[in-house]
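In case you want the letters, here they are:
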Amino acid sequence: MALDFNKTLNLPATEFPMRAGLPQREPAMLAKWYEDKIYESLMEKNGGKPLFLLHDGPPYANGDIHMGTALNKVLKDFIVRYKNMSGFKAPYIPGWDTHGLPIESQIIKKYKIDRANIPVAEFRDKCRDFALDYLDRQREQFMRLGGIGDWQNPYVTLNPAYEARQIEVFGEMFARGYIYKGLKPVYWCPHDETALAEAEIEYQDSHCKSIYVKFRVTNDNGVFAGLPAASDVHFLIWTTTTWTLPGNLAISVNPEFEYSAVRLADGSVLIIASELIGSVMETAGLTDYTVVGKYAGSTLERMVCRHPFLDRDSLVICGGHVTLDAGTGCVHTAPGHGHEDFEACRGYDIDVIVPVNSRGIMTEEAGLAAGMYYEKANDAILEDLRRTGALFAEQTIDHTYPHCWRCKHPVIYRATEQWFASVDAIKDAAIEAIRGIKWVPAWGEERLSGMVRERADWCISRQRNWGVPIPIFYCGDCGREFVSPETITSVANIFEKEGSNAWYIRPAGELMPEGSKCPHCGCGSFTKETDIMDVWFDSGSSHVSVLEANPDLKWPADMYLEGGDQFRGWFQSSLLTAIAVRGAAPYKSALAHGWVVDGEGKKMSKSLGNYIVPADVIKDYGADILRLWVSSSDYRMDMRISKEIFKQLGDIYLKIRNTARFILGNLDRFDPSSLTPTSELLPIDRWALSRLNRLVERVRQAYDEYEFHVIYHTVHNFCVSEMSNVYLDIIKDRLYCEPRDSSQRHAAQTVMYHVLDAIVRMIAPILAFTSDEIWKSMPHASDADGRCVLFNDMPSVRAEWELPDEECARWEKIMALRGDVNRVMELARAAKLIGKPLEASVILHCDKESFDFVSAQDNLAEIFIVSNVTVLCETGEGTAAENFPGVTIRIDRVGGCKCARCWMYTETVKDELCERCADVVSKMENAL
């Protein structure tokens, strides 16, 4: 009976499956992590190490997670895992934002509630239950992504302890003079009847009427006395919000600009900025006009004009906000409808008129538009302007207009009494603090600095019920507000015990210290503020409510990490409250990521059919593939996602997985306690370890710089190009055919163990499930913690694996030549000259310089994985090497016979076996 030589080979053996089956296997692995309390054990293991704190920006608890929130949580997990494996204790406390208008709106819709006819506390209870339900749903979805953290003890903005600390932050800001009540124009949502913060605004393009309106001059202070038709002079204003004209009280000009008096064919005269005459007349379609006078803007100040349809004057004032970007240089100024208008009018003691109510209905002050919804008022006002001849020109344009990012309806600027946090008072300190933060990407510094530099005071009051009440009391007699350190402490203590519903359940007297008296009139009876705080004040207080309140954490955080929209949101609100109450930024570094778009770079939309949700990705591919997608993308830009991209990532994942599987199979029964010393390794082994050093160096640097896409590409290229296609391919003969306990085979196993041990640690932050699966399938050295890969340090560059520069250069040339030989062999295989590479005899024709190098190299046949290599110092027919000048490559079919065990062709084959294999088989037979 013929001997089965396959049974004499050291073939790979492992239970680690080729196909991952991630959607099926991951849930069981996840359950095991929580059963074994992996996070808690990791925190205990890292106790005493320096603390690295990534503070979680709270997602909003009103819907299932989407790809953007999944991206955010996975990026955070990369960092938390890496830091815990790099000499730090890096706790992760997830958080949730749970107050605000969207939850109110969904509760009203779900229960068909009339908000005005339900007890506030009952309504708030429904909001709380809704938020907590979605919190639980989101928590399960986030956990399914493989993130580690204290998921059962998150911070939640509706928790009583959190609310109490937020009240204290408000109290500190009030005591320092940063909180005040005032009449100012703010973003106002007529649909939801509440003020909005700048961070709650998004902009959309819409069609609108651009109109030019004449305001007749009634008092020119003698400046226009010499003009022809001096009694028929008009300032020409331009606006894209016709409905705001009833709020007009002034016309602003820039004192530095030159203005011209332009006489029209009908004899009337218009005042227009000189540089804009051409564009205005082109819009009106006029060519017959004459400039009859020129004036400095400063000379026009305090002229008086007549409102075109209301019994009211409009004062000409000077304002630095007037530009020449568009319009006429004469700016329609309505202090009740714009911040710049409001500020410009303050210098002239001009009263504020707000002819639109909280529901967007024009009031009696709007004259002919009274009783109309503000958008409907546009047509009525425009028709009247046409009728009276006050309309000079009109056109339809696309204009960017602010919308509420929650209800998606247009918003208006409307002056109302609101509570504000003074940004002007802390602006310089905030901008200075921004300079001391490390920004990733670096442009984040200028982006936030610019936003803070240009922003107005922060409107922190909202006319809603679901939120943290503004802890202000009003005297029952004189009506003046009352707040003190004692009232703040009292309210905070009650909220900590009972939650903020106490504000709506208890009367004012029970919320205040006993015996409280109005400091202005001595009255002891009080009412309560009905407005709540902006939700950005909620989450913006987390650095106090979470970081300072938890003795296991620290202030400031090492990092905040959120989407680019949070420059207007959490990055900014957290910074402003921290500067106000602590005088410093609440984070040392900040990382901002882009948006998730479809495979063509378009915004994802359910209506377009290009919307992908994390649950579907996990169901089809597994969480590790989603995590691999996050690592493959440059988060600094918008990240593309599609089914085709995930399919490609699945293929790449399998290449990494099967590299690990090959190594695991060949480490069967390998004992890492008896590693071959580096000095005893073969040259190709030492080359492989030197390449591993470069991998470790690059990956560690990329982690430290948060360049996860570099890690993805570097690890993948190493597994495919340097391991699977080169080193692991070269050593297969050693692994399979040498005696199991031979020193050469053991040396190759030593290298593979080092490679796998390093790679699995390096991919642990990214491939959370796969890395732990590999870790539990491989043998470990005595100093490794076999429980979980996270309990082990990241690999470091090892000095004993470094090669001298000249040796590195030698290997670069050998690998270049190997690439040329492989290319020519593929041509020979295509021409049917050979089949498998071992059927090839490689003849290298070299010039003198190349011959000296090539002929000095040992084991070229092993490196090329062929049966024979001949090096000749002569010219010859063949294919010129592309990467190794001076060498011509010829492939012949090798002579000799094929060994039935190792498949090498030699002249020494006898009884089917070459000398090496015959010796191995003989020893195996004798052992039996």
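Here's what I pulled together on the structure shown here.

Procedures and definitions
- Residues numbered from 1 in each chain as written.
- Predicted model: local features only at pLDDT ≥ 70, side-chain atom pairs only at ≥ 80, totals over all residues.
- Heavy atoms only, no water.
- Helix = DSSP H or I, 4+ residues; strand = E, 2+ residues; numbered from the N terminus.
- Rg over C-alpha atoms; globule rule 2.2 N^0.38 Å.
- Buried < 20%, exposed > 50% of the residue type's maximum accessible area, 1.4 Å probe, protein only.
- Contact = heavy atoms within 4.5 Å.
- Areas by Shrake-Rupley, 256 points an atom, 1.4 Å probe, with all protein chains shown as cover.
- Lys, Arg positive; Asp, Glu negative; His and termini not counted.
- Charge placed at Lys NZ, Arg CZ, Asp CG, Glu CD.
- Axes fitted to C-alpha atoms, helices over the stretch in contact; angles between N-to-C directions.
- Parallel < 35°, antiparallel > 145°, perpendicular 65-115°, else oblique.
- Nonpolar A, V, L, I, M, F, W, Y, C, P; charged D, E, K, R; others polar.
- Polar contact = N/O pair within 3.5 Å; in protein donor to acceptor, adjacent residues only side chain to side chain.
- Salt bridge = Lys/Arg side-chain N within 4 Å of Asp/Glu carboxyl O.
- Core = buried A, V, L, I, M, F, W, Y, C linked by side-chain atoms within 4.5 Å.
- Left-handed = near helix turned anticlockwise from the far one by under 90°.
- Pairing = 2+ DSSP bridges.
- Expected span 1.5 Å × (residues − 1).
- Phe/Tyr/Trp six-rings, centres within 6.5 Å; stacked < 30°, edge-to-face > 60°.
- Lys NZ or Arg CZ within 6 Å of the ring centre and 35° of its normal.

## Concerning the overall build of the chain
Then, in step 1: A count of helical and extended segments in the chain gives 29 helices and 33 strands.
Then, in step 2: In terms of C-alpha radius of gyration, the chain reaches 38 Å, well past the compact-globule figure of 30 Å for 928 residues.
Then, in step 3: For the chain, the spread of C-alpha atoms along the three principal axes comes to 120 × 75 × 45 Å.
Then, in step 4: Put simply, the chain has 928 residues, and 56% of those count as buried.
Then, in step 5: Residue pairs in contact within the chain that sit at least 24 positions apart in sequence constitute 77% of those at least 6 positions apart.
Then, in step 6: Accessible surface computed for the chain: about 38900 Å², of which carbon and sulfur atoms make up 49%.
Then, in step 7: Of the side chains in the chain, 100 bear a positive and 130 a negative charge, and the two mean positions are spaced by 4 Å.

## Description of unusual backbone geometry
Then, in step 1: Geometrically, the link from V440 to P441 is a cis peptide bond, its omega value of -5° lying close to zero.
Then, in step 2: Of note, the phi angle at D911 is positive, near 55°, even though the residue is not glycine.
Then, in step 3: With relative accessibility at 65%, the residue D911 sits in the exposed group.
Then, in step 4: If you check the backbone angles, E912 has positive phi at about 80° while not being a glycine.
Then, in step 5: If you trace the backbone, E912 turns up in the loop between β33 (905-906) and α29 (915-927).

## Points about the packing of helix α22 (residues 708-730) against helix α24 (residues 743-763)
Then, in step 1: At a minimum axis separation of 12 Å, α22 and α24 run at an interaxial angle of 170°. Considering the angle they form, α22 stands roughly antiparallel to α24. Contacts between α22 and α24 involve V715, F718, C719, M723, Y727 and L728 from the first element and A748, V751, M752, V755, I759 and I763 from the second.
Then, in step 2: Partitioned by chemical class, the residues of the contact of α22 with α24 number 12 nonpolar, no polar and no charged.

## Here we look at the environment of D638
Then, in step 1: Note on placement: D638 falls in the loop between α19 (623-632) and β27 (639-641).
Then, in step 2: For D638 and F130, which are 508 residues apart along the polypeptide, the C-alpha to C-alpha distance reads 32 Å.
Then, in step 3: In this view, D638 contacts G594, W595 and V597; residues no more than four positions away in its chain are not counted.
Then, in step 4: Within the structure, D638 has its side chain in polar contact with the backbone nitrogen of W595 (distance 3.0 Å).

## Section: the pattern of salt bridges
Two side chains carrying opposite charge are able to pair once their charged atoms lie near each other.
Then, in step 1: Across all of its chains, the model carries 59 salt bridges by this definition.
Then, in step 2: In this structure, D733 engages R916 in a salt bridge whose closest nitrogen and oxygen atoms are separated by 3.0 Å. Of this pair, D733 sits in helix α23 (residues 732-737) while R916 is found in helix α29, placing the two residues 183 residues apart along the sequence.
Then, in step 3: A residue is classified by how much of its surface remains accessible, and R916, at 24% relative accessible area, is partly exposed.
Then, in step 4: For D892, the salt bridge goes to R890, with nearest N and O atoms at 3.2 Å.
Then, in step 5: A residue is classified by how much of its surface remains accessible, and D892, at 29% relative accessible area, is partly exposed.
Then, in step 6: Salt bridges linked by common partners bring D56, K73, K76 and E562 together as one network.

## Some thoughts on the nonpolar core
Then, in step 1: Residues W629, L692, Y727 and L844 are the most contacted members of the largest nonpolar core, which totals 234 residues.
Then, in step 2: Each residue touching Y727, except ones within four places of it in the same chain, is listed here: I684, D685, W687, A688, E722, R734, A748 and V751.
Then, in step 3: If you look at the next biggest cluster of nonpolar residues, it comprises 70 residues, including M303, C305, A344 and C459.

## A look at the packing of helix α6 (residues 160-175) against helix α12 (residues 485-498)
Then, in step 1: Between α6 and α12, the shortest axis-to-axis distance is 7 Å and the interhelical angle comes to 170°. One element, α6, and the other, α12, form an angle in the roughly antiparallel class. Judged by the sense of rotation from one axis to the other, the crossing of α6 with α12 is right-handed. Only I488, V491, A492, F495 and E496 of α12 make contact with α6, whose side of the interface consists of P160, A161, E163, A164, R165, I167, E168, F170 and G171.
Then, in step 2: Here the contact of α6 with α12 is composed, by residue class, of nine nonpolar, one polar and four charged.

## Considering the sheet that holds strand β5 (residues 194-196)
Then, in step 1: Read across the sheet, four strands follow the order β5-β4-β16-β18 without closing on themselves; strand pairing throughout is antiparallel. Two strands bound the open sheet, and with one partner strand each, they are β5 and β18 (458-459).
Then, in step 2: Sheet topology places strand β16 (residues 412-421) next to β18; two bridges connect them, and they run antiparallel. What sits directly across from A421, in β18, is W458.

## So, helix α4 (residues 101-111)
Then, in step 1: Every buried residue of α4 is accounted for by L101, P102, I103, E104 and I107.
Then, in step 2: The inward-facing, buried residues of α4 contact α5 (120-144) and β5.
Then, in step 3: One or two steps after α4, the chain reaches K112, where phi turns positive at roughly 50°.

## Focus on the pairing of strand β8 (residues 250-253)
Then, in step 1: Side-chain alternation along β8 places A250 and S252 on one buried face and I251 and V253 on a second face that is also buried.
Then, in step 2: Across four bridges, β8 lies against strand β13 (residues 313-318) in parallel orientation. Residue S252 lies in a different strand from β13, and its bridge partner there is I317.
Then, in step 3: Looking at chain direction, β8 and strand β14 (residues 331-333) are connected through three bridges and run antiparallel. Opposite A250, over in β14, you have T333 as the bridge partner.

## A closer look at α12
Then, in step 1: Compared with the 20 Å implied by 1.5 Å per residue over 14 residues, the 20 Å span of α12 between its first and last C-alpha is a close match.
Then, in step 2: For α12, the full list of buried residues reads T487, I488, S490, V491, A492, I494 and F495.
Then, in step 3: Where the residues of α12 are buried, they touch α6, β20 (473-475), β21 (481-482), α13 (502-505) and α14 (508-511).
Then, in step 4: Once α12 ends, the next one or two residues include G499, with phi positive near 85°.

## Here we look at the packing of aromatic side chains
Where two aromatic rings form a pair, the distance of their centres and the angle of their planes describe that pair.
Then, in step 1: Tallied over the entire structure, the rule returns 35 aromatic pairs.
Then, in step 2: With a centroid separation of 6.5 Å and an interplanar angle of 55°, the aromatic rings of F174 and W419 are classed as tilted. Pair noted here: F174 is in helix α6 and W419 is in strand β16, with a separation of 245 residues, a long-range link.
Then, in step 3: Ring geometry for F473 versus W503: centroids 5.2 Å apart, planes at 45°, classification tilted. You can see F473 sitting in strand β20 and its partner W503 sitting in helix α13, a full 30 residues away along the chain. For the pair shown, F473 and W503 are each scored as buried.
Then, in step 4: An aromatic cluster is built from W439, W443, Y560, F567, W570, F571 and Y587, whose rings are joined through pairwise contacts.
Then, in step 5: Geometry around W503 places K528 over its ring, the cationic atom sitting 6.0 Å from the centre.

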